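Fold and contact review
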Amino acid sequence: MTLWGGRFSSGPADSVAALSRSVDFDWRLAPYDIRVNLAHLEGLISAGIITAGNGEVIRAGLKALGTEILSGKFSYDDKDEDVHSAIERGLVAKIGAVGGALRAGRSRNDLVVTDFKLYLIDHLLEIASLTTNLIEAFNKKSAETVEIIAPGFTHLQHAQPIVFGHELAKHSQALLRDIDRVGDWLVRNSISPLGAGALSGSGLQPNPESSAQSLGFDGLAANSIDAVSDRDFAAEALFVMAMLGVHLSRIGEEFTLWSTTEFSWVVIDDAYSTGSSIMPQKKNPDIAELARGKSGRLVGNLTALLTTLKGLPFAYNRDLQEDKEPVFDSVETLLLLLPALAGMVTTAKFNDANISRGAHAGYALATEIADYLAKKAVPFSLAHEAAGECVRLCEKSGRELHELSDIELSSIHPELESDLREFLTVSGAVASRTSSLGTSIASVTSQISDLETATKEAKSWISNELQRFSGMMKP
Ligand code: ARG
């Protein structure tokens, strides 16, 4: 069914109906469309456009239809153009022509944005909640590995020793910021577009503030044209999801690398690995690879919508129908990925001995020599130069830094004395980084305890928000 037949001498050509049709994907908005219709109905009753008696019939019809949609008993058919027309068809079939009264004072233009915002609020909170499970997995693994000294890398080359819990805990920090971004999104976008009509507002719906409130939004849009024509809220949601996806891809890359025979830092549980159809011995880190790979579509979806929005004139344009599929795809990708990744991290077994083995390799303690000299008031540029010479000498003679003789040290720099060797241990190097963000065991332990507190706070924020919006989410 379409909602606009009157002025046309014929129906749309088959190719046009096929192109125009969005119900195959926008049916995901159906529960939200029912809720928005219910809120709109109350506005029309208060405005005297729909009588109390008819209102009761329509309300009961909408609620029954909502239940049938959730149970799968009612769905769209081959002729429905979009979710809104399918729902009107279902309502009219249930209660008769009076169901068509609901169309007064609103347009699909404001209806679809309102539905879409409710969908996003619901699903971004669900994504945030799944993200907390992954964060908890990292917090736990970080706490378990806080005493394991590991090589720290820059440029994928050994850089300085760190504790391994520090490396893992960095992911919790990034993921908590992703949840924060959902919060920021909500503050800016919990604003109702309902009442904007096609573009200019409606004389039949004088009090859209009250439907905004009954839907749980924090306010009403200030400008009806802006309300129906911008999709910055969707683009911003896509960015939030793309950023999360990029963080997940970095996790995926690390686990892929760590599970190689060359690293052997982690064993990924069998339940989170897959095999090869030809090589019987293979156990592949496909979950980690998919985490890395799926970031491509998450970034692509953001790019797609921004490109669609660029240069759009005035108010609503049909181009805007292209806003939904990228969002649904990003949401559904993350809903699939996050639980699998949380399971992979939770069940992963780290190999402490292999992780520590290379902590000192690659002259990773050279910075300690420079720091030792700097503490003796040698300008850091000269200290750096001297430490570099120590490395050069070691490399040439196949030795480690602590194996240089006192004479060699003092000839490189007179301030390099035998007590330098006390500083040339990985545990000493790690222990010296005592500032709050540093890698000493005490610092990282306290970082993890702060992470645990922040994770608890995020969880309780999410459950409060879900509670606050629950009325509008479940019709
Ligand atoms: N399916 C449309 C969309 O997603 C609904 C709004 C249609 N409005 C219109 N004027 N044709 O944008």
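In what follows, the structure referred to is the one given above.
What counts and what doesn't
Residues numbered from 1 in each chain as written. Predicted model: local features only at pLDDT ≥ 70, side-chain atom pairs only at ≥ 80, totals over all residues. Heavy atoms only, no water. 1 Å grid on protein atoms, 1.4 Å probe; cavity = no way out; pocket = protein on both sides within 12 Å on 5 of 7 lines; lining within 4 Å. Points joined across faces, edges and corners; volume = space filled by probe spheres on them. Helix = DSSP H or I, 4+ residues; strand = E, 2+ residues; numbered from the N terminus. Nonpolar A, V, L, I, M, F, W, Y, C, P; charged D, E, K, R; others polar. Expected span 1.5 Å × (residues − 1). Polar contact = N/O pair within 3.5 Å; in protein donor to acceptor, adjacent residues only side chain to side chain. Phe/Tyr/Trp six-rings, centres within 6.5 Å; stacked < 30°, edge-to-face > 60°. Lys NZ or Arg CZ within 6 Å of the ring centre and 35° of its normal. Near = heavy atom within 4 Å. Areas by Shrake-Rupley, 256 points an atom, 1.4 Å probe, with all protein chains shown as cover. Pairing = 2+ DSSP bridges. Core = buried A, V, L, I, M, F, W, Y, C linked by side-chain atoms within 4.5 Å. Buried < 20%, exposed > 50% of the residue type's maximum accessible area, 1.4 Å probe, protein only. Contact = heavy atoms within 4.5 Å.

In this structure, the largest pocket encloses a volume near 530 Å³. The wall of the largest pocket is formed by 21 residues, among which G152, F153, T154, I162 and E167 lie closest to the centre. Elements with a minimum of two residues in the lining of the largest pocket: β1 (149-154), β2 (157-163), α7 (164-189) and α10 (232-258). Looking at the lining of the largest pocket, the element that brings in the most residues is α10, giving 5 residues. Per-class residue counts for the lining of the largest pocket are 10 nonpolar, 5 polar and 6 charged.

So, about empty space enclosed by the protein. As enumerated under the stated definition, the model contains 2 cavities of 30 Å³ or more in all. The volume enclosed by the largest cavity comes to roughly 70 Å³. What lines the largest cavity is simply L3, N37, H84, I87, E88, L91, G99, L102, R103, R106 and L111. For the lining of the largest cavity, the element with the highest residue contribution is helix α5 (residues 83-95), accounting for 4 residues. The residue makeup of the lining of the largest cavity, split by class, is 5 nonpolar, 3 polar and 3 charged. Space inside the second largest cavity adds up to approximately 40 Å³. Lining the second largest cavity are I127, A128, T131, D178, I179, V182, V240 and L244. Looking at the lining of the second largest cavity, the elements with two or more residues in it are α6 (108-144), α7 and α10. Of the residues in the lining of the second largest cavity, the class split is 6 nonpolar, 1 polar and 1 charged.

This part is about α6. Between its terminal C-alpha atoms α6 stretches 54 Å, which fits the 54 Å expected from 37 residues at 1.5 Å a residue. A side-chain oxygen of the first residue of α6 lies 2.8 Å from the backbone nitrogen of N109; this N-cap is S107.

For the structure on display, the rule yields 18 aromatic pairs. Members of the aromatic cluster, connected to one another through ring pairs, are F138, F153, F164, F255, W258, F263, W265 and F350. One residue, K117, lies across the ring of F233, its end atom 5.1 Å from the ring centre. If you follow K324 out to its NZ or CZ, it ends over the ring of F116, 5.5 Å from the centre.

Now for unusual backbone geometry. A positive phi is found at H155, a non-glycine position, where the angle reads about 55°. Here H155 is to be found in the loop between β1 and β2. For A377, which is not a glycine, the phi torsion comes out positive at approximately 70°. Residue position: A377 is located in the loop between α15 (366-375) and α16 (380-397).

Now for the site of the ligand. In the vicinity of the ligand, the contacting residues are S22, D82, R108, N109, V112, Y316, Q321 and K324. Side-chain polar atom of Q321 to a nitrogen atom of the ligand: 2.8 Å apart, as the coordinates give it. At 2.6 Å, a side-chain N or O of K324 approaches an oxygen atom of the ligand. The fraction of the free accessible surface of the ligand (340 Å²) that becomes covered by protein chains is 86%. Classifying every residue of the shell around the ligand gives 2 nonpolar, 3 polar and 3 charged.

Across 6 bridges, β1 lies against β2 in antiparallel orientation. Paired with P151 across the bridge in β2 is P161. Linkage of β1 to β2, two consecutive antiparallel strands, is achieved through a turn of 2 residues, within which H155 is found at a positive phi near 55°.

With that out of the way, let us pick up the nonpolar core. Core analysis: the largest hydrophobic core is formed by 106 residues, its most contacted members being W27, Y119, L134, F164, L248 and F255. When residues in this core are grouped by element, the largest group, 17 residues, is from α6. Every residue in contact with L248, bar those within four places of it in the chain, is listed here: L134, L175, A291, L334, L337, L338 and L341. If you look at the next biggest cluster of nonpolar residues, it comprises 22 residues, including Y363, V378, A386 and L404.

What follows concerns the environment of E368. With respect to the helices and strands, the residue E368 is situated in helix α15. On a C-alpha basis, the gap between E368 and H384 in space is 9.9 Å, while along the polypeptide they are 16 residues apart. Each residue touching E368, except ones within four places of it in the same chain, is listed here: F423, L424, A429, S432 and R433.

As for its position among the elements, S107 is in the loop between α5 and α6. The spatial distance from the C-alpha of S107 to the C-alpha of A196 is 8.1 Å, given a sequence separation of 89 residues. Look past the residues within four positions of S107 in its chain and what remains in contact with it is G197 and A198.

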